[in-house]
Amino acid sequence: MDIPNTRWFPAIKVRRSRRLFKTLPVSEDVLTRLKAVCESFTPFRNVSVKIITHSIDNVFKGALSRYGKIKGAPLCIAFVGDTRDPCIQEKVGFVGEGIILEATACGLGTCWVGGFFRPDVAASLAQVQEYEKVFAVTPVGYPVEKASLEEKIMTGFGRTHERKPLAALVTDMERVMPAWIKHALEAARLAPSAVNRQPWRFTVKQNSIMISVDTMKDTYHISKRIDCGIDMLHIEVAALSLGVQGKWKFLTAPDVAQYSIV
Ligand SMILES: Cc1cc2nc3c(=O)[nH]c(=O)nc-3n(C[C@H](O)[C@H](O)[C@H](O)COP(=O)(O)O)c2cc1C
């Protein structure tokens, strides 16, 4: 499946993490579409996406923390990867964010959860192989219309949705950049990351963007390379929305990947 950039680019701007859901099932037609995208968005063969339709609360139960209190979702999606692949974290981030943007475009609420879930329960419900791991999950459903006081407290009254300015993320912000690069960097800046740490740093070359991590230290036991994979998808969706086609090359740490025009 090609990236549906006209559908996913607007979703980048409206998506935000939601943690409290109405106890409403996801409508049949929406579920059918979401299932189709989960099955056909396969840019990397070592990543798979599993929709879990029962025992959702068990995935989150016991993962105690105010950060990450998920309630009421009728569905959960598990992002599964082959642990033998050295670039698996960024690939999981890339594919997972595609599903998150598709769910957003369908009017559903989501929240990447990489820390506060029960991987053993998720692995069993997603029926993973012994060489695979559930790297992250998301609840999926219709979020409550207005964030409750509990959700507002959890998100620091919107602070967890704030983003660093591009000048803090781009090595050489002063240089003259092609329009597509500026556009892609703006979309990259909006990507979600664990505890909103925004670990990505960008180096711009003539017709390419390189993503690196800020430091090699992970926090909350969640790899920053998952965040960077999410960011990679935002860059590609934004580039495609201007008709710019590129290719990713995976790099070694602290660099993650480079997107260059083909
Ligand atoms: C890889 C990853 C893991 C995350 N893990 C959790 C988590 O365990 N619990 C939680 O409540 N939110 C989690 N989040 C959501 C972030 O806190 C949220 O994306 C960030 O604060 C930015 O807010 P926004 O998504 O509303 O823009 C995670 C996000 C990412 C990208």
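Residues numbered from 1 in each chain as written. Predicted model: local features only at pLDDT ≥ 70, side-chain atom pairs only at ≥ 80, totals over all residues. Heavy atoms only, no water.

A.B. asks: Hey, could you go over helix α8 (residues 224–241) for me, with residue numbers and the actual values?
C.D. replies: A rise of 1.5 Å per residue sets the reference length of α8, with its 18 residues, at 26 Å; its end C-alpha atoms lie 26 Å apart and thus fit the reference within 8%. Burial runs high along α8: 17 of the 18 residues are buried. N-cap assignment for α8: the residue whose side-chain oxygen lies 3.0 Å from the backbone N of Arg 225 is Ser 223. Note on α8: the residue one or two positions beyond its end, Gly 243, has a positive phi of about 80°. (Helix = DSSP H or I, 4+ residues; strand = E, 2+ residues; numbered from the N terminus. Expected span 1.5 Å × (residues − 1). Buried < 20%, exposed > 50% of the residue type's maximum accessible area, 1.4 Å probe, protein only. Polar contact = N/O pair within 3.5 Å; in protein donor to acceptor, adjacent residues only side chain to side chain.)

A.B. asks: I'd love a proper account of unusual backbone geometry, names of residues and values included.
C.D. replies: Between Ala 253 and Pro 254 the backbone carries a cis peptide bond, its omega angle lying at 10°. With respect to the helices and strands, the residue Pro 254 is situated in the loop between β7 (246–250) and β8 (255–261). One non-glycine residue, Asn 196, lies in the positive phi region at around 55°. Examined against the element boundaries, Asn 196 turns out to sit in the loop between α7 (179–189) and β5 (200–205). Even without being a glycine, Gln 198 presents a positive backbone phi close to 45°. Within the secondary structure, Gln 198 sits in the loop between α7 and β5.

A.B. asks: Outline the site of the ligand, supporting the account with residue identities and numerical values.
C.D. replies: Near the ligand, the surroundings consist of 24 residues, among which Arg 15, Ser 17, Arg 19, His 161 and Arg 163 are the closest. Arg 163 places a side-chain nitrogen or oxygen 2.6 Å from an oxygen atom of the ligand. Contact with the protein chains hides 99% of the accessible area of the ligand, taken as 620 Å² for the molecule alone. (Near = heavy atom within 4 Å. Areas by Shrake-Rupley, 256 points an atom, 1.4 Å probe, with all protein chains shown as cover.)

A.B. asks: Account for the nonpolar core, naming residues and giving values.
C.D. replies: Within soluble globular proteins, side chains that are nonpolar tend to cluster in buried spots. Grouped together as the largest cluster of nonpolar side chains are 65 residues, with contacts concentrated most on Phe 41, Phe 79, Leu 108, Leu 185, Phe 202 and Ile 235. At ten residues, the largest contribution of residues to this core is made by α8. Excluding residues that lie within four positions of it along the chain, Ile 235 makes contacts with Ala 184, Ala 188, Phe 202, Ile 209, Ile 211, Trp 248 and Tyr 259. Core analysis: the next-biggest nonpolar cluster, separate from the first, contains 18 residues, Val 113, Val 121, Ala 122 and Ala 126 among them. (Core = buried A, V, L, I, M, F, W, Y, C linked by side-chain atoms within 4.5 Å. Contact = heavy atoms within 4.5 Å.)

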